[in-house]
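# Survey of secondary and tertiary structure
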Amino acid sequence: MTSIILLSIFGILNLFLGFLRSNKVLLPGAMLLLLAVFGANYADWNVVHAPYFNNMLVVDNYTVAFTGIVLLTTILLLPFSRSYVVSGETNLAEYYALLLFSLVGAIMMVGYDHLLMLFVGIEILSICMYVLAGSNKRDSRSNEAALKYFLMGAFATGILLFGVALLYGATGTFALSQLAAAVANPANASLQPMLYIGILMMIIGIGFKVSAAPFHFWTPDVYEGTPTFFTAFMSTVVKTAGFAAFLKLLAVALPAAQGFWMPTIQAMCALTLLLGNVGAAAQTNTKRMLAYSSVSHAGYLLIGLVASKGVLIGDAASGIFFYSLAYSIATVAAFGVLKLVAEHRQNDSYAGLNGLGKTNPLLAFTMTVAMLSLAGIPLTGGFFGKFFLLAAAVGQGYIGLVVFAVVMSMVGLYYYLRPIIAMYMQPAPEDTTPVPVDGIQTVTLVVLVLLTILLGIAPGFLSGIL
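Because the structure is a prediction, the values reported are computed rather than measured.

With that settled, the discussion passes to a nonpolar patch on the surface. Residues F365, V406, M410, L413, L417, I421, Y424 and M425 make up a contiguous nonpolar surface patch of about 770 Å² in total accessible area. Top element by residues in the nonpolar patch is helix α18 (residues 399–425). It accounts for 7 residues. For L417, the location among the structural elements is in helix α18.

Laid out in structure tokens, this is it:
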């Protein structure tokens with residue numbers, strides 16, 4: 001709750017900083033504010049189920065843990081917006097304010113205990129992202145991305161809201177605990193058709209937000225057209241908040257309807273893994289590859305939902321938390337390097353990375369570690385992220401799904417190795433100069449690499465946190 005209040009206040013104050021003639025104070029100011037919010041969030045650890053807003057929002061360890069991921073991700077991402085500071089971007093204060101407001105929506109999605117709070121959180125987050133997707137007004141691809149994201153997002157939100165209405169019609173409540181009791185009540189058996197349609201529509205709505213197949217077709221175009229800095233935010237913070245909300249919905253509100261939603265989630269999981277990995281393997285543009293990669297990682301996180309079997313706290317939930325953290329760190333590193341390289345070389349294809357190992361060893365090493373983590377190679381956080389999720393699924397007897405996920409991981413090796421091959425085995429163009437990287441970006445790249453390796457060699461300090 002403290003995090004939401006601080007972010008809202010800081011977001012409004014940040015708007016007033018736009019009156020300053022210089023952007024130099026905006027980046028360090030935003031980072032300091034987020035560090036303060038991160039500390040305030042940590043202070044809420046082990047708070048005993050504190051409800052707010054007439055029990056519509058709850059602060060507990062689950063909320064604090066996933067809020068910590070989205071805040072840490074944003075802190076590590078901010079240094080890569082320095083080009084906006086250098087270029088004197090006139091709307092930088094508004095961009096940072098929108099990021100802070102979107103974090104408010106993300107925290108609401110993580111901590112909701114009422115379906116209306118979930119809807120409000122999704123809308124706050126989504127509206128901010130619609131604006132940021134089209135922030136490069138002079139680029140037709142950015143305009144196209146914003147329009148596609150807005151139209152398809154509004155359509156998906158309508159489906160989600162219709163699902164919420166049907167759940168209310170079947171149970172007479174929006175509160176998660178009361179909804180769970182109503183679903184489990186045999187006296188409501190006659191209302192099951194309305195209930196099941198409502199559940200299906202909510203799954204569709206949230207599935208769109210987390211880029212799960214077959215609701216992922218917007219992802220490659222929107223990710224490619226959106227400015228890379230905001231694409232990185234979209235693929236990490238939005239996905240983490242979406243899956244935290246998804247797990248809470250299924251485990252707290254709908255465990256009694258598991259027999260209905262479990263086959264649906266399993267089918268979505270298999271389809272997402274297939275289309276995400278195959279789609280990524282067919283790409284020649286690094287940014288589009290990372291977009292399809294984001295889809296495939298939604299498939300692995302869906303394995304966690306399947307393995308949870310309607311339980312909020314346990315091995316599956318801990319696996320989703322660990323995977324979200326490892327995935328977010330590696331994705332920020334990958335998009336951060338891609339942004340720096342694409343701005344300098346004006347090329348976001350694999351060829352744009354050619355020879356980076358010689359011209360910028362730090363950037364190449366960071367990208368290598370990020371690709372290996374996303375591929376799930378040992379000694380990186382991504383390996384244990386996948387291991388915890390797959391182990392939880394095996395423990396629940398989903399052997400076939402785990403085998404399919406392992407096969408898809410082998411497909412992933414192909415497209416994750418392509419940037420590494422380009423950086424170390426392809427010559428750089430003759431007129432290529434080193435990509436400029438300033439001090440704060442260098443420190444951030446080192447921190448990202450260290451965190452990825454730390455999660456890969458000492459995962460025990462975070463495993464079982466939920």
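Moving on, we get to unusual backbone geometry. Here the amide bond leading from A213 into P214 is cis, since omega sits at 5°, within 30 degrees of zero. Secondary-structure assignment places P214 in the loop between α9 (192–209) and α10 (219–225). A positive phi angle, near 65°, is found at N55, a position not held by glycine. Summarising the element assignment, N55 is placed in the loop between β1 (50–52) and β2 (57–59). Overall, the relative accessible area of 45% leaves N55 in the partly exposed class. Its identity as a non-glycine residue notwithstanding, S211 has a phi of 65°, on the positive side. Position of S211 among the secondary structure elements: in the loop between α9 and α10.

This part is about the confidence of the model for the chain. Across the chain, the average pLDDT comes to 90, with 98% of residues at or above 70. By mean pLDDT, the top-scoring element of the chain is helix α16 (residues 361–375) (95), and the lowest-scoring one is β1 (77).

A separate point is the packing of helix α14 (residues 315–345) against helix α17 (residues 381–395). Where α14 contacts α17, the two axes come as close as 8 Å, and the packing angle between them is 160°. As summarised for this structure, α14 and α17 are arranged roughly antiparallel, according to the angle between their axes. Crossing of α14 against α17: the hand is left-handed. Contacts between α14 and α17 pair D315, A316, G319, I320, F322, Y323 and A326 from the former with G381, G382, F384, G385, K386, F388, L389 and A392 from the latter.

Core analysis: the largest hydrophobic core is formed by 163 residues, its most contacted members being L115, L254 and I265. Among the elements that take part in this core, α14 stands out by supplying 19 residues, more than any other.

So, on to the environment of I313. Take I313: it is sitting in the loop between α13 (286–308) and α14. Residues I313 and Y292 lie 21 residues apart in sequence; the distance between their C-alpha atoms is 29 Å.

In the contact formed by helix α6 (residues 115–133) and α9, the axes pass within 12 Å of each other and the chain directions differ by 30°. Considering the relative orientation of α6 and α9, their crossing is left-handed. Two secondary-structure elements touch here, α6 through L115, L118, I122, S126 and Y130 and α9 through M202, I206 and K209.

Quick look at helix α11 (residues 228–253) now. Working note: α-helix, 3.6 residues per turn, so residues spaced by three or four point in the same direction. With 26 residues, α11 extends 36 Å from end C-alpha to end C-alpha; this agrees with the ideal 38 Å at 1.5 Å per step. Among the 26 residues that make up α11, 25 are buried, leaving the element largely enclosed by the rest of the structure.

As a further point, take the packing of aromatic side chains. Tallying each qualifying case throughout the model produces 23 aromatic pairs. Here the aromatic rings of F383 and F387 are separated by 6.3 Å at their centres, their planes lie at 20°, and the arrangement is stacked. Taken together, the positions of F383 and F387, both in helix α17 and 4 residues apart, correspond to about one turn of that helix. Judged by its relative accessible area of 45%, F387 falls in the partly exposed class. Feature note: the residues Y130, Y149, F150, F208, W218 and Y223 constitute an aromatic cluster, connected by ring pairs. Across the ring face of Y84, the terminal group of K339 is positioned such that the distance to the ring centre comes to 5.2 Å. Above the plane of the ring of Y300 lies K386, whose end atom (NZ or CZ) is 4.5 Å from the centre.

Here is what the cut-offs are and how they apply
Throughout this description, residue numbers start from 1 for each chain and increase along the sequence as written. The model is predicted, so local features are restricted to residues of pLDDT at least 70 and side-chain atom pairs to those at 80 or more, both for listing and for counting; the totals for chains, interfaces and linings are taken over all residues. With hydrogens and water excluded, all non-hydrogen atoms of the structure serve as input to the side-chain values. Here, patches come from residues exposed beyond 30% relative accessible area and free of salt bridges, joined within 9 Å for like charges and within 5 Å for nonpolar side chains (Val, Leu, Ile, Met, Phe, Trp, Tyr). The accessible surface values rely on the Shrake-Rupley method and a 1.4 Å probe; as for residues, cover is taken only from the protein chains in view. Note on definitions: salt bridges are taken to be side-chain nitrogens of Lys or Arg within 4 Å of carboxyl oxygens of Asp or Glu. A run of DSSP states H or I qualifies as a helix once it reaches four residues; a run of E qualifies as a strand once it reaches two. Both are numbered from the N-terminal end. Relative accessible area decides the class of each residue, using a 1.4 Å probe on protein chains only: under 20% of the type maximum gives buried, over 50% gives exposed, and in between gives partly exposed. The predictor's confidence in any single residue is recorded as pLDDT, a number from 0 to 100. Interaxial angle, 0 to 180 degrees, is taken between N-to-C directions of lines fitted to C-alpha atoms, where a helix line uses only the stretch in contact. Note that the term roughly parallel is reserved for angles under 35 degrees, roughly antiparallel for angles over 145, roughly perpendicular for angles of 65 to 115, and oblique for everything else. Whether a crossing is left-handed or right-handed is set by the direction in which the near helix is turned from the far one by less than a right angle, anticlockwise for left-handed and clockwise for right-handed. We call two residues in contact when some of their heavy atoms are within 4.5 Å. What makes a nonpolar core is a set of buried Ala, Val, Leu, Ile, Met, Phe, Trp, Tyr and Cys residues whose side-chain atoms join them at distances within 4.5 Å. Multiplying one less than the number of residues by 1.5 Å gives the expected span of a helix. When two rings of Phe, Tyr or Trp (its six-membered ring) have centres within 6.5 Å they constitute a pair, described as stacked for plane angles under 30 degrees, edge-to-face for angles over 60, and tilted for the intermediate range. Whether a charge lies above a ring is judged from NZ of Lys or CZ of Arg, which has to be within 6 Å of the ring centre and within 35 degrees of the ring normal.

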